[in-house]
Amino acid sequence: MNAILSFLLMRRPGSGRQLTVCFALLLAGISCSTPAFAQSTGAVFVNGNSASNEVWMYSRGTTGLLSFVGSFATQGNGGGGLGSQGGVVLASSNRLLYAVDAGSNEISGFKVTRNGLQFVSKVGSGGTFPNSLAVSGTLLYVLNAQGTAANITGFRIQKNGTLQPVANSTLPLSANLPKPAQVGFTPDGKTLIVTEINTNNIDTYVVGKDGRATGPTVQASAGAGPFGFASDAAGHLIVSEVGLSSASSYSISRGLLHVITGALLDFGKAACWVVNTNDPNLPQQYSYVTNTGADTVSGFAIAADGSISLLDPNGKTAILAHGAKPLDMAISSDSKFLYVLEESVPAIGAFQIATDGSLTQIQDLPGIPATSYGMIGY
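The numbering scheme is per chain: residues are counted from 1 as the chain's sequence reads. Only residues with pLDDT of at least 70 are given local features in this predicted model, and only at 80 or more are side-chain atom pairs given and counted; all residues enter the totals for whole chains, interfaces and linings. By convention in this description, side-chain values take in all heavy atoms of the structure and omit both hydrogens and water.

1. Brief notes about the overall build of the chain
A run of H or I in DSSP becomes a helix once it reaches four residues, and a run of E becomes a strand once it reaches two; helices and strands are each numbered from the N terminus. Across its full length, the chain carries two helices and 30 strands. Considering only intrachain contacts with a sequence separation of at least 6, the fraction spanning at least 24 residues in the chain is 49%. As displayed, the chain has an accessible area near 15,000 Å², and 53% of this comes from carbon and sulfur atoms. Here, two residues are considered to be in contact whenever any of their heavy atoms come within 4.5 Å of each other. Working definition of accessibility: Shrake-Rupley area with a 1.4 Å probe, residue cover restricted to the visible protein chains.

2. Focus: the pattern of salt bridges
Salt bridges are counted wherever a side-chain nitrogen of Lys or Arg sits within 4 Å of a carboxyl oxygen of Asp or Glu. Taken as a whole and assessed by the stated rule, the structure comprises four salt bridges. Residue D334 pairs with R60 through a salt bridge whose shortest N-O separation is 4.0 Å. Of this pair, D334 sits in the loop between β26 (326-331) and β27 (337-342) while R60 sits in strand β2 (residues 54-60), and the two are 274 residues apart along the sequence. Its salt-bridge partner being E106, residue K122 comes within 3.5 Å of it at the nearest N-O pair.

3. Quick word on the confidence of the model for the chain
Confidence of the predictor at the level of single residues is given by pLDDT, which spans 0 to 100. Scored by pLDDT, the chain comes out at a mean of 91, with 90% of its residues at no less than 70. Counted against residues more than four places away or in other chains, residues 1-38, with its pLDDT under 50, gives 49 contacts.

4. Regarding the packing of aromatic side chains
Ring pairs are drawn from Phe, Tyr and Trp, using the six-membered ring of Trp, whenever the two centres fall within 6.5 Å, and their geometry is named by plane angle: stacked under 30 degrees, edge-to-face over 60, tilted for the rest. Inspection of every chain in the model, using the stated rule, returns seven aromatic pairs. Judged by centre distance (6.2 Å) and plane angle (75°), the rings of Y141 and F185 are edge-to-face. Residue Y141 is located in strand β9 (residues 139-146), and its partner F185 is located in strand β13 (residues 180-185); the two are separated by 44 residues in the primary sequence. Only protein chains enter the accessibility calculation, which uses a 1.4 Å probe; a residue whose area is less than 20% of its type maximum is buried, one above 50% is exposed, and one in between is partly exposed. For F185, a relative accessible area of 12% puts it in the buried group. An aromatic cluster is defined as three or more aromatic residues linked by ring pairs; in this entry it consists of W56, Y58 and F68.

5. Focus on the layout of surface pockets
Approximately 1,100 Å³ is the volume attributed to the largest pocket. Elements with a contribution of two residues or more to the lining of the largest pocket: β4 (88-91), β8 (128-136), β13, β17 (226-231), β21 (271-276), β26 and β30 (375-377). A class-by-class count of the residues in the lining of the largest pocket yields 21 nonpolar, 17 polar and two charged. Whether a set of points on the 1 Å grid over the protein atoms alone is a cavity depends on a 1.4 Å probe fitting there but being unable to get out, while an open set qualifies as a pocket with protein on both sides within 12 Å along at least five of seven lines; lining residues are those with an atom within 4 Å of a point. Grid points are joined across faces, edges and corners, and a volume is the space filled by probe spheres set on the points. Just so you know the grouping, Ala, Val, Leu, Ile, Met, Phe, Trp, Tyr, Cys and Pro go in nonpolar, Asp, Glu, Lys and Arg go in charged, and all remaining residues, Gly too, go in polar.

6. Some points on the environment of I197
For I197, the location among the structural elements is in the loop between β14 (191-196) and β15 (201-207). Separated by 44 residues in sequence, I197 and E241 place their C-alpha atoms 8.3 Å apart. In this structure I197 touches P178, K179, A181, G225, P226, F227 and V242, once residues within four positions along its chain are discounted.

7. Notes on the sheet that holds strand β3 (residues 66-73)
The rule for pairing is simple: two strands pair if DSSP sees at least two bridges between them. Judged by pairing direction, the sheet is antiparallel, and its four strands sit side by side in the order β3-β2-β1-β30 without closing on themselves. Two strands lie at the open edges of the sheet, namely β3 and β30, each paired on one side alone. The average undirected angle you get between the axes of adjacent strands in this sheet is 20°. With seven bridges connecting them, β2 and β3 associate as antiparallel partners. With axes taken as lines fitted to C-alpha atoms, and helix axes fitted only over the stretch in contact, angles between N-to-C directions fall between 0 and 180 degrees.

8. Side note on the sheet that holds β14
In space, the four strands of this open sheet follow the order β13-β14-β15-β16, with antiparallel pairing throughout. A single partner strand is all that each edge strand has here, and the edge strands are β13 and β16 (213-220). The sheet shows a mean angle of 20° between the axes of neighbouring strands, direction not considered.

9. So, a nonpolar patch on the surface
A surface patch of nonpolar side chains, about 340 Å² in accessible area, is lined by L244, L265 and F267. A relative accessible area of 38% places L265 in the partly exposed class. Residues qualify for a patch when their relative accessible area is over 30% and they have no salt bridge, like charges being joined within 9 Å and the nonpolar side chains of Val, Leu, Ile, Met, Phe, Trp and Tyr within 5 Å.

10. Considering the pairing of strand β20 (residues 256-265)
The two faces of a sheet get side chains in turn, since along a regular strand they alternate between them. Two strands pair when backbone bridges link them, and strand β19 (residues 246-253) and β20 are joined in this way by seven bridges, in the antiparallel orientation. Paired with S249 across the two strands is T261, which belongs to β20. Counted along the chain from β19 to the antiparallel partner β20, the turn is two residues long, and its residue R254 has a positive phi close to 50°.

See below:
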């Protein structure tokens, strides 16, 4: 019996199947009447981006440790490296989840339940190779990155979780194929932002009450190769720049960006993904950037005026395993834990965030698909 229990507990989670821990405990005569997810205080989701695509779900305990819940078919197809931030998003107070299916030009929707994800529907993305999603209230916009011309397209989230296209919402970027990396809303939902790596531009769109955006207003990035971005609790925008591995901060007014800190080097390589603490009750906000080519995470302190400064003089707030190739990140809703998607392990690295912004690794959880792109959590 002990041999069976050990085998099942160590077994890697398979596609579309629930973790077998409860079954193993039952074999050992131990009660497992309450689902593991019911004991959690949050969750983390990863877009597996595989040929037959799946979203992988993990429950988060009070100590920040993750437990695998299951992998759930999107009924669409992944599409290789997305080269983006925002491949999966949450909506409706974390009750709904949407993921891009870049290989089949679709968006898949799920209901988030205590035991996992329940597929709702999928819809055409309105373009080619959707690689990033943004949600504000009942409005969802997708970034279609390839085809003859990249675009953004809007949808309304219905009460049942399905997506209804917003009429006449498809808009171009600053160029046909600028290698766009992310679409996102400002916290007030009034402005959409798109970063373009190849043009060194950031596009902004003003969003009307009917859900339709107008634009783009094209603005030069403060640093080369703008990639990922995130807003802090005060609405300041922190943008990573892959060109020289730097980060910039901006304020936004009426759809226009105003540089606060421009192109601050993080001394890494290929600064790409960004997450911020976002708890207004905290005395200090922090931003974290993955350096994909240097296997590090750089931390920044965000001042009240939106200016940023490195937490560590060498930019190395966390050092990952050599060759880990960190990609996307997620941060818990209480701003206490940071999760890093490590492509080349492949694994999820979990870190505790101290009050001074420093990071302490608490877990390295292997088993995710090597094709994974896109991560979100709460």
